[in-house]
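Single-letter residue listing:
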Amino acid sequence: MKHLRSIAELGADGMARLLDLTDHMAEVNRRPNPKVPALRGKTVCMIFFEDSTRTRLSFDTAAKRLSADTMTFSVGTSSVNKGESLRDTIETVAAMGVDAFVIRHGSSGTPWQVSNWTNSSIINAGDGWHEHPTQALLDCYTIRTALGRTGGFDGLRIAIVGDIKHSRVARSNIDAFRLMGAEVTLVAPRTLLPPVVSAPTAADLDDVIDDIDVLYLLRMQRERMTEALVPTMREYTARFGLTPQRARRLGKHALVMHPGPMNRGVEMAVDPSELPGAVITQQVTNGIAVRMAVLFDILGSGTDLEVQP
Amino acid sequence: MTASKQVLGPDDVRRAVTRMAHEIIERNRGLTGVALIGLQRGGVWLAEALGAEIARIEHAIPVGSVDASLHRDDIGIRPVSPGAVSEIPFAIDGTTVVLVDDVLFTGRTVRAALDAIGEYGRPRAVQLAVMVDRGHRELPIRPDFVGKNLPTSTEEEVRVEHDGVTIVGAGAA
């Protein structure tokens, strides 16, 4: 694999390969000394044009556990503020010797554009409303380990709830869950659904809560309030939030997931630490192992040796 | 057609396992603090076979497995794909670890495995058991317990299974 830009580009076989590899990385993370020399001498540069806590720290930790060197580029303190273009910025950093760029940018498609400008590998850490493939991979890995679904998600019922329209997490996860064989239902106010949807929809959470295996809550973005896409936060919670009443209706085995950061009292109107099926901290832990698998597959596995002499 | 020649039959492999099990017990003057760790992938069945034989002769000892692919020195030079996940469900500090592999060739896999083992703790000693030593070492590594010394050419391939050892390719001498 040369780049990881979208789930569609990765495909079902690629996902299976990365999830198997993640088992190895998770084992490394359980060792007394969770570090291997696999990517010694490789340099990974993190370029984040948007805010991030977990994704950036997770990639940084993943690279370090594989012994790669890391550079972090924060737009706030860079020459982007002096008007340097994205292309010049990328070419400047690439000239310092970078094997892989991890990029987050507000514009959809940026990772494809950037891969035309450099020979380095590109890993998409979120581009606009478009894709966030490592989030989808870590979510699939979390479901796979929590429910023992190593062979795939055939027949698994997953509801994705919230602002589907503006969510790159939703877009990547819909693709990924369906490639794994799951049945995905989208639950959102009509104003927060994209014009074209690729999965069945439900009008509110009560319609689906009794018979789902995974409840995937998206973050309600407060700025959508000012755009008048939702009447009030209270009304959103009443129809789409996970309230104590709804939590009691979830199946015993059902998982509750959230990509973070969480709005307590809005989409998550219960204390997740009191939900037996909540795997939100596992999602964060698994994120490191998944990103180690992605970095190793791109920089260390040697599967691209034929095309890159 | 590729030439192939069987050099050990199923009975030969079984006898070699029995002999090596006895040698491991004898060399360590018993089994106090001794554990077996098979190298993914080819060494795992042999470690289990040795463990079963040792349990039959004396008593059961811990048996684990290690995948050393993330410690290899040829990452980025050759395709590397890890086998099954390492499983060392016992503390190895202070134990005598017997690393087990099917074939000893250049010694690079064993070097990687020594590094991997070191991440789990500090064994008192590490010994090496292999079914076939085929020569062509590139590192100063030697086995303590050997099923069969088998001179080969570098073009040949040696296959070790429960039911025999086969040389494949080249002249299959």
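Residues numbered from 1 in each chain as written. Chains lettered and ligands numbered in written order. Predicted model: local features only at pLDDT ≥ 70, side-chain atom pairs only at ≥ 80, totals over all residues.

Draft legend 1. Broad picture of the sheet that holds strand β3 (residues 63-66) of chain B. Residues and elements named next belong to chain B. Taken in spatial order, the five strands make up an open sheet running β3-β2-β4-β5-β6, and their pairing is parallel. Where the open sheet ends on each side, the last strands, each with one partner, are β3 and β6 (145-149). For this sheet the average axis-to-axis angle between neighbouring strands, irrespective of direction, equals 25 degrees. In this structure, strand β5 (residues 125-133) lies alongside β6, joined through four bridges in parallel fashion. When the bridges of β6 are listed, Asp133 appears paired with Asn149. Across the face of the sheet, helix α1 (residues 10-27) comes into contact with β4 (96-104), β5 and β6 while running at roughly 150 degrees to β6. Packing against the sheet, helix α3 (residues 108-118) makes contact with β2 (34-39), β3, β4 and β5, and its axis sits at approximately 155 degrees to β4. (Pairing = 2+ DSSP bridges. Helix = DSSP H or I, 4+ residues; strand = E, 2+ residues; numbered from the N terminus. Axes fitted to C-alpha atoms, helices over the stretch in contact; angles between N-to-C directions. Contact = placed C-beta atoms within 7 Å.)

Draft legend 2. Up close: the interface of chain A and chain B. With 16 residues of chain A in contact, the opposing surface of chain B contributes 16 residues. Taken together, the residues of the side of chain A that touches chain B sort by class into seven nonpolar, six polar and three charged. (Nonpolar A, V, L, I, M, F, W, Y, C, P; charged D, E, K, R; others polar.)

Draft legend 3. Region of the structure containing the confidence of the model for chain B. In the predicted model, chain B carries a mean pLDDT of 93, and 97% of its residues have values of at least 70. Two summary scores accompany this predicted model of the complex, namely pTM at 0.90 and ipTM at 0.82. (pLDDT = per-residue confidence, 0-100.)

Draft legend 4. Up close: the domain arrangement of chain A. Residues and elements named next belong to chain A. As assigned here, chain A comprises domain 1 (7-132 + 285-299) and domain 2 (133-283). Taking only C-alpha atoms, the centre of domain 1 and the centre of domain 2 are 25 Å apart. Every contact between the two is made by 24 residues of domain 1 and, on the other side, 24 residues of domain 2. Listed by contribution, the elements that provide at least two residues to the side of domain 1 that touches domain 2 are α1 (7-30), β4 (121-127) and α10 (280-299). (Domains from an automatic or database assignment.)

Draft legend 5. The arrangement of the environment of Gly300 of chain A in detail. Considering the arrangement of structural elements, one finds Gly300 of chain A in the segment after α10. On a C-alpha basis, the gap between Gly300 of chain A and Leu39 of chain A in space is 6.3 Å, while along the polypeptide they are 261 residues apart. Residue contacts for Gly300 of chain A: discarding those within four places in its chain leaves Ala38 and Leu39 of chain A together with Ile75, Gly76 and Val80 of chain B.

Draft legend 6. A look at the nonpolar core. Counting 95 residues, the largest nonpolar core has Leu66, Phe101, Ile160, Val161, Leu215 and Leu295 of chain A as the members making the most contacts within it. When residues in this core are grouped by element, the largest group, 10 residues, is from α10 of chain A. Each of domain 1 (7-132 + 285-299) and domain 2 (133-283) of chain A accounts for three or more of the residues forming this core. Sequence-distant contacts of Leu215 of chain A, that is, excluding residues within four places in its chain, are made with Ala159, Val161, Leu242, Leu250, Ala254 and Val256 of chain A. Ranked by size, the runner-up nonpolar core spans 48 residues in total, among them Leu50, Leu104, Val110 and Ala129 of chain B. (Core = buried A, V, L, I, M, F, W, Y, C linked by C-beta atoms within 7 Å. Buried ≥ 20, exposed ≤ 12 C-beta atoms within 10 Å, placed from the backbone.)

Draft legend 7. Fine view of the pairing of β2 of chain B. All names here are of chain B. Burial runs high along β2: six of the six residues are buried. Burial of the side chains of β2 extends over both faces: Val34, Leu36 and Gly38 are buried on one face and Ala35, Ile37 and Leu39 on the other. Where β2 meets β4, five bridges bridge the pair, whose relative direction is parallel. Bridging from a neighbouring strand, Leu36 pairs with Val98 of β4. When β2 meets β3, the two strands line up parallel, connected through four bridges. Within β3, the position partnered with Leu39 by the bridge is Val66.

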